[in-house]
Structure formats: C-alpha cells, structure tokens
Amino acid sequence: MKAHRVAHKLWSEWHRQLVLALHSRIADVFAVDIHPAAKIGKGILFDHATGVVIGETSVIGNNVSILHHVTLGGTGKACGDRHPKIGDGVLTGAGATILGNVKIGEGAKIFVGSVVLIDVPARTTAVGNLAKLVGGKETPANHEECPGESMDHTYFISKWSDYII
C-alpha cells in the first residue's frame with residue numbers, strides 16, 4: 001500500500017515515466033496491479049493481496065477490506081471515468097469482480113466470486129455471477145454492522161439457505 005501511495009503522489013506531480021517504471025516493478029514483486037491514479041482511502045486492508053487489480057479511475061473509501069484476486073475494472077465499453085467507486089466500510093470477497101463505473105454503497109458486501117455490473121446500495125449484499133442483491137432489487141436486505149471491519153461473509157446465508165456451516 002505504501003508503494004501505491006508513493007506512486008500516486010508521483011503520478012499527481014506528473015512524473016509519469018518514473019511512476020510507470022515503479023508500477024511495473026511493484027506488479028512484478030507483489031503480483032498486484034493498482035493503477036497509480038486510483039484514489040484509495042485510509043484504513044484499507046488487502047488480505048492476501050495477490051491478484052488484486054484496481055483500475056485508473058477507481059475510488060476506494062476508508063476502512064475497506066479487499067481480499068485476494070479482486071478486480072475493480074472497466075467493461076471496455078466506456079472512456080473516461082470507467083471504474084468502480086467503493087464506499088467506506090465495504091467488504092469485497094475473494095475473487096470478486098466489479099466492472100464499470102458502478103457505485104458500491106457504504107457498508108455493502110460483495111460476496112466471494114461475485115461479478116458485479118450494477119450499483120449496490122449501502123448496507124446491502126451482492127451475491128452471484130451476475131450479482132443480485134440479497135432480498136431482491138426492490139427491497140434488498142440491509143445489515144447493520146460494518147462488514148469492512150467485521151469481515152463477516154456468512155451472516156445472511158441462513159436467511160436463504162438451509163445449508164449449515
């Protein structure tokens with residue numbers, strides 16, 4: 001994370017050649033691809049960050065937890081502002097893919113392996129490939145805790161599954 005903060009500062013000051021060389025080395029050593037222009041808040045947890053990809057116009061709020069192999073990318077159909085905006089306290093599960101200029105609301109949860117192409121309201125959970133909101137689009141189920149801090153991936157499963165963990 002410190003390497004990204006240095007790269008972001010240099011990018012902001014238009015030291016592009018130096019930043020691109022630094023970015024390339026960071027990607028080689030850590031197997032993480034965070035564009036130097038991405039805006040990342042405070043208190044971020046990259047849990048086993050291997051395979052994390054964060055696009056140029058991505059914005060990540062404070063106290064967000066991002067697990068391994070998460071992609072915050074573009075769809076390839078847009079120019080300009082084309083990457084996700086992640087609110088404060090969000091939890092993104094391992095292997096989750098969030099594509100396009102979508103907004104993930106404060107305290108939302110993106111379940112493991114989900115592919116998200118839609119906005120996710122605050123304090124709701126998106127599950128599946130293609131992701132759907134738990135409780136449905138019209139009345140999504142809300143949760144009270146801050147998943148980015150609690151790291152609880154499973155609390156809602158008993159509400160829609162009889163599988164016992």
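Since the structure is predicted, the reported quantities are computational estimates derived from the model, not experimental observations.

Undergrad: What's the story with helix α2 (residues 16-30) in this structure? I'm lost.
TA: For the α-helix, the turn length of 3.6 residues means that residues three or four positions removed from each other point alike. Its 15 residues give α2 an end-to-end C-alpha distance of 21 Å, which sits within 8% of 21 Å, the value for a rise of 1.5 Å per residue. Those residues of α2 lying buried are Val19, His23 and Ile26. The arc enclosing the buried residues of α2, seen along the axis, measures out at 65 degrees, which places them on a common side. Away from its buried face, by an angle of more than 90 degrees, α2 presents the exposed residues Gln17, Leu18, Arg25 and Asp28. As for α2, its buried residues are in contact with α1 (2-12) and β1 (33-34). Where α2 terminates, the next one or two residues include Ala31, which has phi positive at roughly 55 degrees.

Undergrad: Help me understand the packing of aromatic side chains in this model?
TA: In this description, an aromatic ring pair is defined by two values, namely the gap between the centres and the angle between the planes. Taken as a whole and judged by the stated rule, the model has zero aromatic pairs. Here Arg16 stacks its cationic end above the ring of Trp11, 3.8 Å away from the centre of that ring. Positioned over the ring face of Trp14 is Arg16, at 3.8 Å from the centre of the ring.

Undergrad: Explain unusual backbone geometry to me, please; I cannot follow it from the model alone.
TA: Excluding glycine, a negative phi dihedral is what most residues carry, and trans is how most peptide bonds are arranged. Put simply, Asn129 and Leu130 share a cis peptide bond, and its omega is -5 degrees. Within the secondary structure layout, Leu130 lies in the loop between β14 (125-127) and β15 (132-133). Located in the positive-phi region is Asn63, a residue other than glycine, with phi close to 55 degrees. Among the secondary structure elements, Asn63 is positioned in the loop between β5 (59-60) and β6 (65-67).

The rules behind each value
Residues numbered from 1 in each chain as written. Predicted model: local features only at pLDDT ≥ 70, side-chain atom pairs only at ≥ 80, totals over all residues. Heavy atoms only, no water. Helix = DSSP H or I, 4+ residues; strand = E, 2+ residues; numbered from the N terminus. Expected span 1.5 Å × (residues − 1). Buried < 20%, exposed > 50% of the residue type's maximum accessible area, 1.4 Å probe, protein only. Arc of directions from axis to C-beta. Contact = heavy atoms within 4.5 Å. Phe/Tyr/Trp six-rings, centres within 6.5 Å; stacked < 30°, edge-to-face > 60°. Lys NZ or Arg CZ within 6 Å of the ring centre and 35° of its normal.

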